[in-house]
Amino acid sequence: MNALAELRYISFAHPLYFGLLLLIPLMIWWVWQGRKKDSPSMRLTAIPQPLLKVRRSWKVRFRPVLFLLRLVCVFLLVIALARPQSSNVTESIDSDGIDIVLSIDVSGSMLAEDLKPNRIEAAKKVAIEFVNQRPTDRIGLVVFSGESFSQVPITIDHSVLKEQLSQIKSGMLVDGTAIGMGLATGVDRLRNAKGKSRVLILLTDGVNNTGLVDPSTALEIAKAYKVRVYTVGVGTRGEAPYPVQTPMGMQKQMAPVQIDEELLQKIAQETGGKYFRATNNNSLSAVYDEIDKLEKTKIEVSSYKHYAELFFPFALGAIICLALEMLLRYTVFRSIT
């Protein structure tokens, strides 16, 4: 299978020379006609017994090898004239990359199970899918709850980013919902970015209730550094089941879903972004798909094809066959006329 795969990269600089292969059947026909003319014929009513015991010498039997060597010589010579070449294609990718930061809420409420298996796991899954769709962009990760933390600086090493995304969980920071902190930390990651545009995707399921930075202040910082913010409110409308620790163990309780949509809409609108509401897994995936379409990266792919000449082995083979034929003709088979 590997040999067949390699054949895809073989091409010929002068394929018209393959027309010379018609010489091979012409040579065979010419020799066949010559033998018919040179062969004497004689009718015998009865073949004498001594003649039946006469065997052809090995020189007579192997003489066709000379003609076979000549045919192989012509075949190899035609291939050499067609100039077989192997091609190797390399690609150079020139991209106007976008610098993106994912700021994800990891507060206790993200364990609500209105999204399956819960909000935070659903958010991680679609975020990893989003990263896979942006191979040329630098992407970073910020997590926040009652405080915020830069989990991964903006990087093109998406394997590290996805590994860290898969490990985030609720409870890794002080509980609470500090939307201002999540926004400010994300902007701080982007303020020195050199991409053609700076994008922050802020995902939360609650209302700002703590944090050292007020959301309004963080919004002004985002506008000052020209960071476009897409905000995502995660959670169903009405009530959602939350896991709650009780003396009887972990129990599920219904609790109202509270998302500060007015704040999230304001942040998105004033930074040139857009607000989305994700009430289930499908709508959350659709949110990231739409953001992916809105934030397109210009990619230019330049292909370079390198050729390596392969005619030499065929030319050498033709010379060897011709030399061997002439050597045998004037030595071993010389006495046969």
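Residues numbered from 1 in each chain as written. Predicted model: local features only at pLDDT ≥ 70, side-chain atom pairs only at ≥ 80, totals over all residues. Heavy atoms only, no water.

Undergrad: I'd like to hear about the confidence of the model for the chain, residue by residue, with values.
TA: Averaged over every residue, the pLDDT of the chain is 85; residues scoring 70 or more account for 83%. Per-residue pLDDT stays below 50 along residues 1-5; that stretch engages in zero contacts with residues further than four places along the chain or on separate chains. (pLDDT = per-residue confidence, 0-100. Contact = heavy atoms within 4.5 Å.)

Undergrad: Quick rundown of the packing of aromatic side chains? Include the residues and the values.
TA: One pass over the full model with this rule turns up four aromatic pairs. Centroid distance F12 to F18: 4.9 Å. Interplanar angle 80°. Geometry classified as edge-to-face. Look at F12 and you get partly exposed, because its relative accessible area is 34%. Classification of F18 as partly exposed rests on a relative accessible area of 28%. (Phe/Tyr/Trp six-rings, centres within 6.5 Å; stacked < 30°, edge-to-face > 60°. Buried < 20%, exposed > 50% of the residue type's maximum accessible area, 1.4 Å probe, protein only.)

Undergrad: I'd like a rundown of the packing of helix α5 (residues 64-81) against helix α12 (residues 311-329), residues and numbers included.
TA: At a minimum axis separation of 8 Å, α5 and α12 run at an interaxial angle of 160°. Viewed along their axes, α5 and α12 adopt a mutual orientation that is roughly antiparallel. The way α5 lies across α12 gives a crossing that is left-handed. Facing L66, L69, R70, V72, C73, L76, L77, I79 and A80 of α5, the residues of α12 in contact are F311, F314, A315, G317, A318, C321, L322, L324, E325, L328 and R329. By residue class, the composition of the contact of α5 with α12 is 16 nonpolar, one polar and three charged. (Axes fitted to C-alpha atoms, helices over the stretch in contact; angles between N-to-C directions. Helix = DSSP H or I, 4+ residues; strand = E, 2+ residues; numbered from the N terminus. Parallel < 35°, antiparallel > 145°, perpendicular 65-115°, else oblique. Left-handed = near helix turned anticlockwise from the far one by under 90°. Nonpolar A, V, L, I, M, F, W, Y, C, P; charged D, E, K, R; others polar.)

Undergrad: How would you explain the sheet that holds strand β3 (residues 99-105) if you had to name every residue and give the values?
TA: Read from one edge to the other, the open sheet built from six strands follows the order β5-β4-β3-β6-β7-β10, with strand pairing classed as mixed. Both edges of this open sheet fall to β5 (148-155) and β10 (275-278), since each of them pairs with a single strand only. Going from strand to strand, the sheet's axes swing by 15° on average, the running direction of each strand aside. Alignment of strand β7 (residues 227-234) against β10, held across four bridges, turns out to be parallel. Bridging across to β10, T231 finds its partner in Y275. Against the sheet, helix α7 (residues 158-167) touches β3, β4 (138-144) and β5, its axis set at about 20° to β4. (Pairing = 2+ DSSP bridges.)

Undergrad: Tell me about the side chain of D105, and please be specific about residues and values.
TA: Structurally, D105 can be placed in strand β3. Here D105 sits buried without a salt bridge, and the closest side chain of opposite charge, R119, lies 7.7 Å off (N-O distance). Only 2.8 Å separates the side chain of D105 from the backbone nitrogen of S107, close enough to count as a polar contact. Of note is the side chain of D105, whose polar atom sits 2.7 Å from the side chain of T204. The residues touching D105, leaving out its near neighbours within four places in the chain, are M110, F144, S145, T177, L203, T204, D205 and G206. (Lys, Arg positive; Asp, Glu negative; His and termini not counted. Salt bridge = Lys/Arg side-chain N within 4 Å of Asp/Glu carboxyl O. Polar contact = N/O pair within 3.5 Å; in protein donor to acceptor, adjacent residues only side chain to side chain.)

Undergrad: Tell me about the layout of surface pockets, and please be specific about residues and values.
TA: Here the second largest pocket is characterised by a volume of approximately 220 Å³. Taken together, 13 residues form the lining of the second largest pocket, with S109, T177, G206, V207 and N209 sitting closest to its centre. Looking at side-chain class alone, the lining of the second largest pocket contains three nonpolar, eight polar and two charged residues. (1 Å grid on protein atoms, 1.4 Å probe; cavity = no way out; pocket = protein on both sides within 12 Å on 5 of 7 lines; lining within 4 Å. Points joined across faces, edges and corners; volume = space filled by probe spheres on them.)

Undergrad: Describe α7, and please don't skip the residues or the numbers.
TA: Buried within α7 we find H158, L161 and L165. The arc that holds every buried residue of α7, seen down its axis, measures 55°, which confines them to one face. Those residues of α7 hidden inside the fold are in contact with β3, α6 (119-132), β4 and β5. (Arc of directions from axis to C-beta.)

Undergrad: Now, about the nonpolar core: what can you tell me, with residues and values included?
TA: In this structure, L102, L141, L165, I201, L203 and L284 are the most contacted members of the largest nonpolar core, which totals 34 residues. Mapped by element, the contributors of at least two residues to this core are β3, α6, β4, α7, β6 (198-204), β7, β10 and α11 (281-294). Not counting chain neighbours up to four residues away, the residues in contact with L203 comprise S103, I104, D105, M110, A123, F144, V232, V234, L284 and Y288. Grouped together as the second largest cluster of nonpolar side chains are 27 residues, I179, L183, L263 and I267 included. (Core = buried A, V, L, I, M, F, W, Y, C linked by side-chain atoms within 4.5 Å.)

Undergrad: Account for unusual backbone geometry, naming residues and giving values.
TA: P117 follows K116 through a cis peptide bond whose omega is -5°. Mapped onto the elements of the fold, P117 is located in the loop between β3 and α6. Its identity is not glycine, yet K226 carries a phi of approximately 55°, on the positive side. Note on placement: K226 falls in the loop between α9 (215-224) and β7. Residue K226 is classed as exposed on the basis of its relative accessible area of 73%.

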